[in-house]
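Notes for the structure review
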Amino acid sequence: MTKNTTSSLVEGTIFMAGITFLGGFMDAYTFMTRGGIFANNQTGNMAKLGIHFAQQNWKGVNECFFVMFCCVLGACFSQVVQHKLHWFQGDWRKRGLLLLAFALFLSGFVPTTIPHVYVGAAFTFLAGFQSCLFRKWEGAAHNTIVSTGNLRSIGLYLYDALDKNQNQEWSKLARYVMVAFSFAVGCAVGALVCTQMGIRASWLGSVIAITMALTLHQREKTCVNL
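For every chain, the first residue of the written sequence is number 1, and numbering continues from 1 along that sequence. Restriction of local features to residues with pLDDT of at least 70 applies here, the model being predicted, together with a cutoff of 80 or more for giving and counting side-chain atom pairs; totals for whole chains, interfaces and linings are based on all residues. Calculated side-chain values reflect all of the structure's heavy atoms, with hydrogen atoms and water omitted.

**Digging into the overall build of the protein**
When you go through the protein residue by residue, the secondary structure sums to nine helices and two strands. Helical segments are the DSSP runs of H or I of at least four residues, strand segments are the runs of E of at least two, and each set is numbered from the N terminus. What you see in the protein, going N to C, is helices and strands ordered as α-α-α-α-α-α-β-β-α-α-α. As defined in this context, the radius of gyration uses C-alpha atoms, and a globule is described by 2.2 Å times the residue total to the power 0.38. Against the 2.2 N^0.38 benchmark of 17 Å for 226 residues, the protein shows a C-alpha radius of gyration of 18 Å, consistent with a compact globule. In terms of principal-axis extent, the alpha carbons of the protein reach across some 55 × 45 × 35 Å.

This is the structure:
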């Protein structure tokens, strides 16, 4: 019962928009404070890998491999959190959010003298981790850290709305547009906060992650009391 009810929360529009907002915020953070890196953009890194290889730029090849491998490790670690770590009873995604919040808090203390590639790789690890925590919106696939597939989904929902011309289809389209573009809103807010707080802007991301974890915890308590 708890699983089904918490799933209805995390797959809902408001909660998923918040998580997607956080994905955009993290991308803006690394771009603004860590050398112009987009930690979520593994498609770009894959393209750069091929280009560096063709140019025999082995340093670039190694850096791309390193960053992409960190993304793989982040996704792998999400399964460790789900299946092996059992502190904090309840939905495993709550544990994931708390770990994400802790990592974001620590990043506010990492000086800019540390090479950007290492900090960027750490955030890529977090991106891979986050992308596995929340992967569905109202039962359909959704990505909280990249937007290409989400824009495709908007196109498919638009077709359904035009084809069926029913209020529920237009409503679904509007809700998903809000979820998908919350990534851009997160980037905008992240850029503004980074301008004011610099590397410590990650603390706001930590607060957001904790808030989402507490929301999930509150839903679990409500389910137990039913």
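Continuing now.
**Remarks on the side chain of Gln42**
Relative to the helices and strands, Gln42 resides in helix H3 (residues 42–54). In the analysis that follows, any N or O atom pair within 3.5 Å is treated as a polar contact, provided that within protein one partner can donate a hydrogen and the other can accept it, and provided that, for residues neighboring in sequence, both atoms belong to side chains. Of the polar contacts made by the side chain of Gln42, one reaches the side chain of Asn45; its length is 3.2 Å. Whether two residues are in contact is decided by their heavy atoms, any of which lying within 4.5 Å being enough. In contact with Gln42, other than residues within four places in its own chain, are Val67, Met68, Cys71 and Thr124.

**Topic: the pattern of salt bridges**
Any carboxyl oxygen of Asp or Glu within 4 Å of a side-chain nitrogen of Lys or Arg constitutes a salt bridge here. A complete count under the given rule lists three salt bridges for this structure. Note that Arg175 is salt-bridged to Glu138, the shortest N-O span being 2.9 Å. On the criterion of sequence distance, the pair formed by Arg175 in helix H8 (residues 167–197) and Glu138 in the loop between strand S1 (136–137) and strand S2 (140–141) is long-range, its members being 37 residues apart. Take Glu138: its relative accessible area is 38%, and that puts it in the partly exposed class. Among the salt bridges present, the one from Lys164 reaches Glu169, with a minimum N-O distance of 3.9 Å. A relative accessible area of 44% means that Lys164 is categorised as partly exposed. Relative accessible area decides the class of each residue, using a 1.4 Å probe on protein chains only: under 20% of the type maximum gives buried, over 50% gives exposed, and in between gives partly exposed.

**Here we look at the nonpolar core**
We call a set of buried Ala, Val, Leu, Ile, Met, Phe, Trp, Tyr and Cys residues a nonpolar core when their side-chain atoms join them within 4.5 Å. Core analysis: the biggest nonpolar cluster contains 41 residues, and Phe15, Phe123 and Phe134 have the highest contact counts within it. Going through the elements one at a time, helix H1 (2–10), helix H2 (13–33), helix H5 (92–107), helix H6 (116–133), helix H7 (148–164), H8 and helix H9 (202–225) are the ones with two or more residues in this core. If you tally residues by element for this core, the top one is H2, at nine residues. Contact partners of Phe134, with chain neighbours within four places excluded, come to Val10, Phe15, Met16, Ile19, Arg93, Leu97, His142 and Thr144.

**Things to note about the packing of H2 against H8**
Running from N to C, H2 and H8 cross one another at 35°; their axes reach a closest spacing of 6 Å. Seen from above, H2 lies across H8 with right-handed handedness. Three classes are used: nonpolar for Ala, Val, Leu, Ile, Met, Phe, Trp, Tyr, Cys and Pro, charged for Asp, Glu, Lys and Arg, and polar for all others, with Gly counted as polar. Here the residues of the contact of H2 with H8 are counted per class, giving 18 nonpolar, nine polar and two charged. A fitted line through C-alpha atoms serves as each axis, taken over the contacting stretch for helices, and the angle formed by two N-to-C directions is quoted from 0 to 180°. Each crossing gets its handedness from the near helix: less than a right angle anticlockwise from the far helix is left-handed, clockwise is right-handed.

**Thoughts on the confidence of the model for the protein**
On a range of 0 to 100, pLDDT expresses the predictor's confidence in each residue. Taken as a whole, the protein shows an average pLDDT of 90; of its residues, 95% reach a score of 70 or greater. Looking over the protein, one finds the lowest element-wise mean pLDDT in H1, namely 68, and the highest in H8, namely 96.

**Quick word on the packing of H7 against H8**
For any two helices packed against each other, one specifies the crossing angle of their axes together with the interaxial distance. Two numbers describe how H7 lies on H8: the axes approach to 8 Å, and their chain directions differ by 165°. The orientation of H7 relative to H8 falls into the category roughly antiparallel. Judged by the sense of rotation from one axis to the other, the crossing of H7 with H8 is left-handed. Each of Asn150, Leu151, Ser153, Ile154, Tyr157, Leu158, Asp160, Ala161, Leu162 and Lys164 in H7 lies in contact with H8, whose residues at this interface are Glu169, Trp170, Lys172, Leu173, Tyr176, Val177, Ala180 and Phe181. Classifying every residue of the contact of H7 with H8 by side-chain character gives twelve nonpolar, two polar and four charged. These descriptions rest on fixed angle ranges, namely under 35 degrees for roughly parallel, over 145 for roughly antiparallel, 65 to 115 for roughly perpendicular, and the rest for oblique.

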